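# Secondary and tertiary structure notes
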Amino acid sequence: MLEVRDPADVRSVVAEVPAMTAAEVTAAYDRARAAFDGWRRANPLDRAAVLGRAADLIRARAEDGAVILVRENGKTLAEARVEVTKTADFLDYYASFARQPWGELLSDARPGTSTSVRVEPVGVVLAICPWNDPLITPARKLGPALIAGNAVLLKAASQTPSIAIWAARLLSEAGLPADVLQVVTGRNGEISGALLASPDAVTFTGSNEVGALLRRTLAARNVRLQAELGGKNVSVVLADADLDLAASVVVNAAFAQAGQRCTATSRLIVDVSAAAAFESRLRDAIAGIVVGPGLDPATTMGPLAYAAHRDGVLGHVERARREGGAVVAGGGRPAAGALAHGCYVEPTLVNVAPGQSLWRDEVFGPVLAVATADGFDQAVRLANDTVYGLSAAVFTTSLTAANEFINLAEAGQVAVNLPTAGWDVHHPFGGFRESGSAFKEQGAPGLRFYTRIKTAAVRFAW
Ligand code: NAP
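Report on the accompanying structure. These figures come from a predicted structure and were not determined experimentally. (Residues numbered from 1 in each chain as written. Predicted model: local features only at pLDDT ≥ 70, side-chain atom pairs only at ≥ 80, totals over all residues. Heavy atoms only, no water.)

## A word on the sheet that holds strand β4 (residues 113-121)
With antiparallel pairing, three strands are arranged side by side in an open sheet as β3-β4-β17. Each end of this open sheet is capped by a strand with a single partner; those strands are β3 (103-106) and β17 (451-459). Going from strand to strand, the sheet's axes swing by 20 degrees on average, the running direction of each strand aside. By the bridge criterion, four bridges tie β3 to β4 in an arrangement that is antiparallel. Residue pairing across strands places Leu105 opposite Ser116, the latter belonging to β4. (Pairing = 2+ DSSP bridges. Helix = DSSP H or I, 4+ residues; strand = E, 2+ residues; numbered from the N terminus. Axes fitted to C-alpha atoms, helices over the stretch in contact; angles between N-to-C directions.)

Here it is, written out as structure tokens:
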């Protein structure tokens, strides 16, 4: 069995799930193939009805799901409720595609002939998900995969498996045929080989290291891979920005979910003329953050998801100190008794020089690296000074600067006077550079990965 511990108090075991064997994973693929055969032939409107009923069930039992999320992942109840609601939105949104065209008719020079473009499911999809948004990440993959007629093996993160099992049960209750969706839990050393042995497509959200391993393994077999990987998202505050607006938006973008959002702001570039005024606003806003257990209604920032991750995040801060970074807020673990057994890290602000590790490396925690720039051009150069390209934001009152920033930012998502996070289910989503792959998630483009195109010519008359 795999034990799941409460990040707010690691002495408490909140769930136990099976540690599957490689043979069990292989058997799950066999069942998925058989189930795919029926599901792909189901009327798309019937597939949509299943997704719609599942969305209704998720909304009806939202509080159960939110509490599971908090107990496994540590985020606040308010954050967990948003995740549950958005999960239902994903299923509803992709259900609506059953009423959209699934192909097109093309003219054909041959007499009596009509050629059509048909859109088919790809087969059995392996969806590998991380622990940071452990309900919504599966949902953004399951919505398009299932409406298109695929079967799915969902590999849940070992820190957060119960919420994936909860969602799968509700889909089953909504009428999803047996084995069209199966949740896999287990240790990578045991099941990775079997997991990667026979999918028709792999959609992965997680680290660049595992993404690179998947790319190598799957490319050799020509298995398509969608990868949503790391980030070092930037917010840029130009000299003409509304500093009050920018400070409240940036603090939320950096510290919501304790910085464990793929789109969290982790680098901040402030025009040098506004740097002192902006730092004081940031410090005030950070002072208002209440760190504590996610189930406490007073808490506005929960613990990190697990102890080793907390230690890794604190290690990044220590290294920043050694390299000359100035920690101007936070930087440690809250020592108070009630929080002593949790995976807490204080919201942390570090002034760095571009080039230092904290400027370059993904931390995935509540740590914001801040640098200054002299004018728009330098700010854009610094914003793009990263191997990643997930999300970028600019704060300005100039339409020209806003438009120029959108043009120049090397990021799949760009926001103006808004957070780097917060994209909706119908907004195409995915990173540039080492943050992603050619396939977008969400929105209409999200269906492309889960479908293949067959061109069919039919001669009706001769
Ligand atoms: P991770 O270590 O790559 O794990 C992600 C998933 O991959 C987990 O389910 C993990 O299972 C599984 N996995 C690990 N090694 C595997 C292997 N050899 N074979 C098959 N599966 C394997 O990532 P993480 O640390 O959990 O997640 C944080 C990362 O995700 C960050 O880099 C973050 O930026 C990224 N992320 C990106 C996005 C985006 O949209 N771009 C969104 C969210 C998160 P176990 O849990 O059992 O190890």
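Text resumes after the structure shown.
## Structural notes on the pairing of strand β6 (residues 151-155)
With five of its five residues buried, β6 lies for the most part within the structure. Because side chains alternate across β6, one face comprises the buried residues Ala151, Leu153 and Lys155, and the other comprises Val152 and Leu154, equally buried. Regarding topology, helix α5 (residues 136-147) serves as the crossover connection from strand β5 (residues 124-128) to the parallel β6, and that connection is right-handed. A crossover connection joins β6 to the parallel strand β7 (residues 181-184) through helix α6 (residues 161-173); in handedness this β-α-β unit is right-handed. (Buried < 20%, exposed > 50% of the residue type's maximum accessible area, 1.4 Å probe, protein only. Right-handed = clockwise from strand over helix to strand, strands pointing away.)

## Details of α5
In this model α5 runs 16 Å from its N-terminal to its C-terminal C-alpha over twelve residues, within 8% of the 16 Å that 1.5 Å per residue would give. Counting buried positions along α5 yields twelve of twelve residues, so the element is predominantly enclosed. All of the buried residues in α5 are Ile136, Thr137, Pro138, Ala139, Arg140, Lys141, Leu142, Gly143, Pro144, Ala145, Leu146 and Ile147. One or two steps after α5, the chain reaches Gly149, where phi turns positive at roughly 100 degrees. (Expected span 1.5 Å × (residues − 1).)

## What to know about the sheet that holds β7
Strands sit in the order β7-β6-β5-β8-β9 across an open sheet of five strands; the sheet is parallel. At either end of the open sheet lies a strand with only one pairing partner, and these are β7 and β9 (224-228). Averaged over all neighbouring strand pairs, the angle between strand axes comes to 15 degrees, with direction disregarded. The pairing of strand β8 (residues 201-205) with β9 spans five bridges and is classified as parallel.

Fair warning: the whole summary comes from geometry, so function is off the table for now.
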